[in-house]
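Chain and residue survey
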Amino acid sequence: MDRVRRKNPLIHCITNDVVTNFTANGLLAVGAAPVMTANHEEVAEMAQTADGLLLNTGTLTPYQHEAMRIAGRAANEHQTPVVLDPVAVGATSYRTRVVREIFDEVKVDAIRGNGGEIAALIGMQADMHGVEGKSDMLPETLAKEAANVLETVVCVTGEVDAVSDGERTFLIKNGHAWLSRVVGTGCLLGAIVSAYIVSKENNEDTVRTATDALAQYGLAAEDAFACSKTYGIGTFQQHFLDALGLLNDDHSYGKTNVQEV
Amino acid sequence: MDRVRRKNPLIHCITNDVVTNFTANGLLAVGAAPVMTANHEEVAEMAQTADGLLLNTGTLTPYQHEAMRIAGRAANEHQTPVVLDPVAVGATSYRTRVVREIFDEVKVDAIRGNGGEIAALIGMQADMHGVEGKSDMLPETLAKEAANVLETVVCVTGEVDAVSDGERTFLIKNGHAWLSRVVGTGCLLGAIVSAYIVSKENNEDTVRTATDALAQYGLAAEDAFACSKTYGIGTFQQHFLDALGLLNDDHSYGKTNVQEV
Amino acid sequence: MDRVRRKNPLIHCITNDVVTNFTANGLLAVGAAPVMTANHEEVAEMAQTADGLLLNTGTLTPYQHEAMRIAGRAANEHQTPVVLDPVAVGATSYRTRVVREIFDEVKVDAIRGNGGEIAALIGMQADMHGVEGKSDMLPETLAKEAANVLETVVCVTGEVDAVSDGERTFLIKNGHAWLSRVVGTGCLLGAIVSAYIVSKENNEDTVRTATDALAQYGLAAEDAFACSKTYGIGTFQQHFLDALGLLNDDHSYGKTNVQEV
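Residues numbered from 1 in each chain as written. Chains lettered and ligands numbered in written order. Predicted model: local features only at pLDDT ≥ 70, side-chain atom pairs only at ≥ 80, totals over all residues. Heavy atoms only, no water.

1. Side note on the UniProt feature "binding site: substrate" (unreviewed entry) in chain A
For the record, the criterion: UniProt positions are given in the numbering used here, feature names are shortened, and annotations may be inferred rather than shown by experiment. Helix numbers and strand numbers start at the N terminus; a helix is a DSSP run of H or I with at least 4 residues, a strand a run of E with at least 2. Note on contacts: a residue pair qualifies if any of its non-hydrogen atoms lie within 4.5 Å across the two residues. For the exposure calls, accessible area comes from a 1.4 Å probe over protein chains only, and a residue counts as buried if that area is under 20% of its type's maximum, exposed if over 50%, partly exposed in between.
On the UniProt side, "binding site: substrate" (unreviewed entry) is annotated at positions that read A:Met36 and A:Gly184 here. Along the chain, A:Met36 turns up in strand β2 (residues 33-36). Residue contacts for A:Met36: discarding those within four places in its chain leaves A:Cys13, A:Thr15, A:Thr20, A:Thr23, A:Ala24, C:Val18, C:Gly58 and C:Thr59. You can see A:Gly184 is positioned in the loop between β10 (169-172) and α8 (185-199). A relative accessible area of 9% means that A:Gly184 is categorised as buried. The residues touching A:Gly184, leaving out its near neighbours within four places in the chain, are A:Val19 and A:Phe22.

2. Let's talk about the side chain of C:Thr96
Residues and elements named next belong to chain C. The line we're drawing: Here a polar contact is recorded for every N or O atom pair within 3.5 Å, except that within protein the pair must consist of a potential hydrogen donor and a potential acceptor, and residues adjacent in sequence are included only if both atoms are side-chain atoms.
You can see Thr96 is positioned in helix α5 (residues 93-105). Within the structure, Thr96 has its side chain in polar contact with the backbone oxygen of Thr92 (distance 3.0 Å). Not counting the four nearest positions on each side in its chain, Thr96 is found in contact with Val89 and Gly90.

3. Re the relation of the copies chain A and chain C
Here is the rule we go by: Our superposition of the copies is a least-squares fit, built on the C-alpha atoms of residues whose pLDDT is at least 70 in both.
Superposition of chain A onto chain C requires a rotation of 120° combined with a translation of 0.0 Å along the rotation axis, giving an RMSD of 0.0 Å. Each copy turns onto its partner about a three-fold axis. When each C-alpha of chain A is compared by its distance to the rotation axis, A:Asp17 comes out closest, at 4.0 Å.

4. Here we look at the environment of A:Met124
Topologically, A:Met124 is positioned in the loop between α6 (115-121) and β6 (127-129). Between the C-alpha atoms of A:Met124 and A:Asp136, which are twelve residues apart in sequence, the distance is 9.9 Å.

5. Concerning the interface of chain B and chain A
Quick reminder of the rule: As used here, buried area is the combined drop in accessible area, with a 1.4 Å probe, of two parts when they are placed together. Salt bridges are counted wherever a side-chain nitrogen of Lys or Arg sits within 4 Å of a carboxyl oxygen of Asp or Glu.
The partner chain A presents 30 residues to the 28 residues of chain B that form the contact. In total, about 2,300 Å² of surface goes out of reach between chain B and chain A, with carbon and sulfur atoms giving 51% of it. By the criterion of area lost to chain A, the three top residues of chain B are B:Asn21, B:Leu28 and B:Glu42, representing 20% of everything that side buries. As a salt-bridge pair, B:Glu41 and A:Arg97 come within 3.2 Å of each other at their nearest N and O atoms. For the pair chain B and chain A, the number of links is 15 residue pairs in polar contact (both at pLDDT 80 or more).

6. Describing unusual backbone geometry
Non-glycine residue A:Asn8 carries a positive phi angle of around 50°. In this model, B:Gln79 sits at a positive phi of 55°, which is unusual for a non-glycine residue.

7. Let's talk about the environment of A:Val156
All names here are of chain A. Counting through the fold element by element, Val156 comes out in strand β8 (residues 153-157). Val156 sits in the buried class, given a relative accessible area of 3%. For the pair Val156 and Ala210, spaced 54 residues apart in the sequence, the C-alpha separation amounts to 11 Å. Excluding residues within four positions of it along the chain, Val156 makes contact with Gly113, Asn114, Gly115, Ile118, Pro139, Leu142, Ala143, Asp161 and Ala162.

8. Quick notes on the interface of chain A and chain C
Note the threshold: Charged means Asp, Glu, Lys or Arg here, nonpolar means Ala, Val, Leu, Ile, Met, Phe, Trp, Tyr, Cys or Pro, and polar covers whatever is left, Gly included.
Facing 28 residues of chain A, the contacting portion of chain C comprises 30 residues. Buried surface at the junction of chain A and chain C, both sides included, amounts to about 2,300 Å², of which 51% is carbon and sulfur. At the junction of chain A and chain C, the tally comes to two salt bridges. C:Arg95 serves as the salt-bridge partner of A:Glu42, at 2.5 Å between the closest nitrogen and oxygen. Here chain A and chain C share 15 residue pairs in polar contact (both at pLDDT 80 or more) between them. Listing elements by their share of the side of chain A that touches chain C, those giving two or more residues are α2 (20-29), β2, α3 (43-49) and α10 (233-246) of chain A. Looking at the side of chain A that touches chain C residue by residue, the classes come out as 13 nonpolar, nine polar and six charged.

9. Some words on α2(A)
Burial runs high along α2(A): ten of the ten residues are buried. Looking one or two places after α2(A), you find A:Gly31, whose phi comes out positive at around 95°.

10. So, the packing of aromatic side chains
Any two aromatic rings considered together are summarised by their centre-to-centre distance and by the angle between their planes. All names here are of chain A. Rules: Geometry of aromatic contacts follows a simple scheme: Phe, Tyr and Trp rings, the Trp one being its six-membered ring, pair when their centres are within 6.5 Å, and the pair is stacked under 30 degrees between planes, edge-to-face over 60, tilted otherwise.
Throughout the structure, instances matching the rule amount to twelve aromatic pairs over all chains. Each ring, one from Tyr217 and one from Phe240, has its centre 5.1 Å from the other, and the planes form 90°; the classification is edge-to-face. With Tyr217 in helix α9 (residues 206-228) and Phe240 in helix α10, this pair connects stretches of sequence that are 23 residues apart. In terms of burial, Tyr217 and Phe240 fall into one category: buried.

11. Looking at the UniProt feature "binding site: ATP" (unreviewed entry) in chain A
Residues and elements named next belong to chain A. Under the UniProt annotation, "binding site: ATP" (unreviewed entry) lies at Arg112 and Thr157. Sequence-wise these annotated residues cover 46 residues; spatially they are packed, their C-alpha atoms never more than 7.3 Å apart. For Arg112, the position within the fold is in strand β5 (residues 110-114). Excluding anything up to four places from it in sequence, Arg112 contacts Leu84, Asp85, Pro86, Glu117, Ile118, Cys155, Thr157, Gly186, Cys187, Leu189 and Gly190. Within the local environment of Arg112, its side chain forms a polar contact with the side chain of Asp85, the two groups lying 3.0 Å apart. Following the sequence through the fold, Thr157 ends up in strand β8. Polar contacts involving the side chain of Thr157 include one to the side chain of Arg112, which spans 2.8 Å.

12. A look at the sheet that holds strand β10 (residues 169-172) of chain B
All names here are of chain B. Using the following cut-off: Only strands joined by at least two bridges in the DSSP assignment are considered to pair. Each axis is a line fitted through C-alpha atoms, taken for helices only over the stretch in contact, and angles between the N-to-C directions span 0 to 180 degrees.
Taking strand neighbours across the sheet as the criterion, the nine strands line up as β2-β1-β3-β4-β5-β8-β9-β10-β11 in an open arrangement whose pairing is mixed. Only two strands of the sheet have a single partner each, and these edge strands are β2 (33-36) and β11 (258-260). Strand-to-strand twist in this sheet, taken as the mean axis angle between neighbours without regard to direction, amounts to 20°. Bridge count between strand β1 (residues 10-14) and strand β3 (residues 52-56): four bridges; the pairing is parallel. Within the sheet, the bridge partner assigned to Cys13 lies in β3 and is Leu54.

13. Re the nonpolar core
The following threshold applies: As used in this record, nonpolar core signifies buried Ala, Val, Leu, Ile, Met, Phe, Trp, Tyr and Cys residues forming a set joined through side-chain atoms within 4.5 Å.
Counting residues in each nonpolar core, the largest one holds 183 residues, and the members touching the most others are A:Phe240, A:Leu244, B:Phe240, B:Leu244, C:Phe240 and C:Leu244. The contact partners of A:Leu244, leaving out residues within four places of it in the chain, are A:Arg5, A:Gly26, A:Ala29, A:Val30, A:Leu188, A:Ile192, A:Tyr217 and A:Ala220.

14. Examining the relation of the copies chain B and chain A
Once chain B has been moved 0.0 Å along the axis and rotated by 120°, it coincides with chain A to within an RMSD of 0.0 Å. The fraction of interface residues of chain B whose copies in chain A are also interface residues is only 4%, indicating that the copies meet through different surfaces.

15. Overview of the pattern of salt bridges
This structure, assessed with the given rule, holds 39 salt bridges over all chains. Taking the shortest distance from any N to any O, the salt bridge between A:Asp212 and A:Arg208 comes out at 3.5 Å. Remark: A:Arg208 and A:Asp212 occur in helix α9; sequence separation between them is four residues, near one turn of the helix. The exposure class assigned to A:Asp212 is partly exposed, which follows from its relative accessible area of 29%. In this structure, C:Glu201 engages C:Arg3 in a salt bridge whose closest nitrogen and oxygen atoms are separated by 3.4 Å. With C:Glu201 in the loop between α8 (185-199) and α9 (206-228) and C:Arg3 in helix α1 (residues 2-7), the pair connects residues that are 198 residues apart, well separated along the chain.

Here it is, written out as structure tokens:
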């Protein structure tokens, strides 16, 4: 976490129009710098200038789809790490097809999705309800399986989160149920995973860094709930941004609940 | 209200880009599940998977206009209820024409608008100031007249709200003036009317269900004002989401101010 | 300020999709009426109906670019004041070229940007990090130089703000560092400068009115920080809207820190 604040990484987000503001504020809160553009004429230049690229398919248009392809290629050429958040893959046949196309074309360093999305991405049974989704598999089994199939780091978020690179798999039990009652908390997490990954030391594993991101994000939710539980989810949203802004490694020391499985 | 929470209806929103986040959070708060896409290749599939479709014309583009036509047709074919929020109809000649075209092509179960918008939609004198609008008619007269002309349920919102299906007309005196100082509170209400309508029992009238939605929404505004009046409209917005999240039929029993006229 | 509340000016915003909601709420808070559309078929009519036009290039698409050209021409023809917020000019070569094209085609009454953006706009050395930017020049020097080159009123915002029309230059030392930790506070300021300018008396100078806007905006940030400092930047954002809603000339009397240089 402290490394993100020190590096102040520029994260180029091509994301859905429901969460642009919340994502940008969340990135600012953890010390990253957001930039958002899908313009075909500048997206390649931006993706190579930026420290990280986030591709989130929540409200994919044909124009944005093409922007992701251009930006993804540019990021790959310049070794800019790419995080894919395959929002609502599995909810329509179009989206399943297009998200897989993006994944096939762009080398991705990490994926963040709920159980249903990750299951749909690897062609398994998924239960999608719009952008919400579940899988019958245990998150750690699903994360490991998906990491092996997709050959990248996979973060499965839900009641309990799991992160795997196919070899090592971690379970994270931080977080709070109210996260699922604020729109964009999953999407913001994808952006923050990107901020963590691009700020890590060379000798650190992506799987471990992504796990740290999820655990500290969950801690911020716990902190926010403690301040807002007598009010409600509007107040929770505000204090969640407060908590992200106050996150640091000292504060989270000893409070994260992570186990390797 | 409690029925919305039990059903957790999926509301497909094609709405304006100023209020996407607020609308999604408000739908989550009342127990509905929002999904937002205007992509022509998936919009028909989404509209038929969803429990309800909301068409809001606040920032209509040609692409979004076509998406509304495709989604509206698909919803009609699959008996998915459609709510139309004709934002700023009457503010420009283009918008007046296009919104009427949408209304002519898509069978609509309910319409939500301010006095100026509803008046403009039926070709009467309207006083528009951007997205804000007034009519010289009493809201109950306007709602009844518009319901008869448009042959659907019409919700006119303003200082006092009115809902009519042409036969029965209700006046709702819940709410608070600060609602008009937070952007998107009208748009969110359109989405919540959709969530209520698709969660009603078969033997209930749409006009009565829409009236309940407006009364309980107004109550949430009263609750939010009580918590925020010493602070201001930023705090009001946050506590309004809190209050929507806490709404239930027990809480609102005896507090709604509805009369049939 | 009180004039804005009396006039309730309609500000037509063509702005980036990260800040639409925050901009609209901020305009409502100071007593202006926001309207947002980039639809080519109505944008000219809207720009001439409105009291002011804001062009913000934060997430420029080709479609939006063309909308700005149409709206800008219509505004110029009808003497509707135009404010340009050249977000992230200098961050990519495309954006630098296009923003200059907009500036060349549309007569602009005022420009609002950070030091890096204003420097890039006049072809000087700029240090851009996504949408954040700095210049090595003192803000008052940069504002005056840019006002002379661009022949308009220039507002340079940063730790200390400066406003100049080339002849008179003002330094404003109100504000708080947390403004830079909430996304869209610069963009909203551009919109509020527009609201102030279109509400001024004929005998007032634009440079003086824009200076007032910046000083009172900064005061609101100071007020918001006083209420939120023990919580964090999420709470600050909420109280900043509260503070904008409570701004009035009596309240700010004697508290603004402005000097002519």
